[in-house]
Amino acid sequence: MAVKARKVGNSTVLTVPAEIKVADEYDVYQGRDGQIVYTPKEKNPFLDPEFIATHDLTQKEAFGGHLVGNEIPQD
């Protein structure tokens, strides 16, 4: 599929073909060689209060055993 850029007011618009399912909001980036990349915007689960309340985000010692650095032991 190919699309052409067109001017609308002070903006340049790229039309999305009807066959492509679109999200409500996107982050957009431009690559070094002129690529334009649109990525659907997603919520960060680690900032979502509901996600935080329903998940244990504490980190366990990876190898067990004695503490090896400045870790704070849990009583």
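Residues numbered from 1 in each chain as written. Predicted model: local features only at pLDDT ≥ 70, side-chain atom pairs only at ≥ 80, totals over all residues. Heavy atoms only, no water.

Novice: Break down the overall build of the protein chain for me, citing the residues and quoting the values.
Specialist: Assigned secondary structure in the protein chain consists of one helix and four strands. The buried share of the protein chain, taken over its 75 residues, is 0%. Contacts in the protein chain between residues far apart in sequence, at least 24 positions, make up 2% of those at least 6 positions apart. Counting every atom, the protein chain has about 7,800 Å² of accessible surface; 54% of that belongs to carbon and sulfur. (Helix = DSSP H or I, 4+ residues; strand = E, 2+ residues; numbered from the N terminus. Buried < 20%, exposed > 50% of the residue type's maximum accessible area, 1.4 Å probe, protein only. Contact = heavy atoms within 4.5 Å. Areas by Shrake-Rupley, 256 points an atom, 1.4 Å probe, with all protein chains shown as cover.)

Novice: Go over the pairing of strand E3 (residues 26-30), please, and point to the residues and values.
Specialist: Where E3 and strand E4 (residues 36-40) come together, five bridges link them in antiparallel fashion. By the bridge assignment, Tyr29 is partnered in E4 with Val37. (Pairing = 2+ DSSP bridges.)

Novice: Before we move on, can you summarise a nonpolar patch on the surface with the specific residues and values?
Specialist: Together, Val3, Leu14, Val28, Ile36 and Tyr38 make up an exposed nonpolar region whose accessible area comes to about 440 Å². Mapped onto the elements of the fold, Ile36 is located in strand E4. (Patch = residues over 30% accessible without salt bridge, like charges linked within 9 Å, V, L, I, M, F, W, Y side chains within 5 Å. Salt bridge = Lys/Arg side-chain N within 4 Å of Asp/Glu carboxyl O.)

Novice: Now, about the packing of aromatic side chains: what can you tell me, with residues and values included?
Specialist: Per the stated rule, a full pass over the model turns up two aromatic pairs. With a centroid separation of 6.3 Å and 85° between ring planes, the pair formed by Tyr26 and Tyr38 is classed as edge-to-face. Of this pair, Tyr26 sits in strand E3 while Tyr38 sits in strand E4, and the two are twelve residues apart along the sequence. Look at Phe46 and Phe51: their rings are 5.7 Å apart centre to centre, the planes differ by 85°, and that puts the pair in the edge-to-face class. Phe51 gets classed as partly exposed once you look at its relative accessible area, which sits at 21%. (Phe/Tyr/Trp six-rings, centres within 6.5 Å; stacked < 30°, edge-to-face > 60°.)

Novice: Any chance you could break down the pairing of strand E1 (residues 5-8) for me, citing the residues and the numbers?
Specialist: Taken together, the four bridges between E1 and strand E2 (residues 11-14) define a ladder with antiparallel strand orientation. Across the sheet, Val8 pairs through a bridge with Ser11, a residue of E2. Following E1, the chain reverses through two residues before pairing antiparallel with E2; Gly9 in that reversal takes a positive phi of roughly 65°.

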